[in-house]
Amino acid sequence: ANILVLNGPNLNLLGVREPGLYGSQSLGDIESALDAKARALGCHLDFFQSNAEHELIGRIHQAFRESVDFILINPGAFTHTSIALRDAFLATRIPFIEVHLSNIHAREPFRKHSYLSDIAKGVICGFGGLGYELALNAALKILEAG
Ligand code: DQA
């Protein structure tokens, strides 16, 4: 399988950014652990992080052209603001899982709403970097089941 792992704004600062909330692992640490796991399972991952909404949307369009099978996305704060990201998923119909390191339901009320959750295959939040691995497992099961 061909899976794209997208990370949105400020996630390039993982490890440095509010470590009590988001953990001490860098995005690079999370990505290399995930890549090792994917390789062991015979799955190919591509990684992309951007702080810019249009770049994330452009990368989803590219994934559509490349017939990517599935997307794992932590949209960062765009979760709570971006109708455009939602529309990119509606337009391309690439199945995806929404991932958050923190439990967005245990934080400020404005983080409870996501523009993506209702069109995602599922949502994983509150498990730190482990969430990406759980999402990968789920994505592979979903793809296996066809
Ligand atoms: C986040 C949660 C968002 O509310 C926040 O804006 C982020 C990170 C998470 O991984 O917990 O940037 O997506």
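Residues numbered from 1 in each chain as written. Predicted model: local features only at pLDDT ≥ 70, side-chain atom pairs only at ≥ 80, totals over all residues.

By the naming in an unreviewed UniProt entry, the protein chain is 3-dehydroquinate dehydratase, taken from Methylocaldum szegediense. Recorded in UniProt for the protein chain, the comment headed Pathway (unreviewed entry) runs: "Metabolic intermediate biosynthesis; chorismate biosynthesis; chorismate from D-erythrose 4-phosphate and phosphoenolpyruvate: step 3/7." Comment text from UniProt for the protein chain, heading Catalytic activity (unreviewed entry), reads "3-dehydroquinate = 3-dehydroshikimate + H2O". (UniProt positions renumbered as here; feature names shortened; annotations may be inferred.)

(A) Representation of the UniProt feature "active site" (unreviewed entry) in the protein chain. On the UniProt side, "active site" (unreviewed entry) is annotated at positions that read Y22 and H100 here. Spanning 79 residues, the named residues form one tight spatial group whose C-alpha atoms are at most 9.3 Å apart. Checked against the element boundaries, Y22 lands in helix α1 (residues 19–22). A count of 19 C-beta atoms within 10 Å places Y22 in the partly exposed class. Excluding residues that lie within four positions of it along the chain, Y22 makes contacts with L14, R17, L101 and S102. As for its position among the elements, H100 is in strand β4 (residues 96–100). (Helix = DSSP H or I, 4+ residues; strand = E, 2+ residues; numbered from the N terminus. Buried ≥ 20, exposed ≤ 12 C-beta atoms within 10 Å, placed from the backbone. Contact = placed C-beta atoms within 7 Å.)

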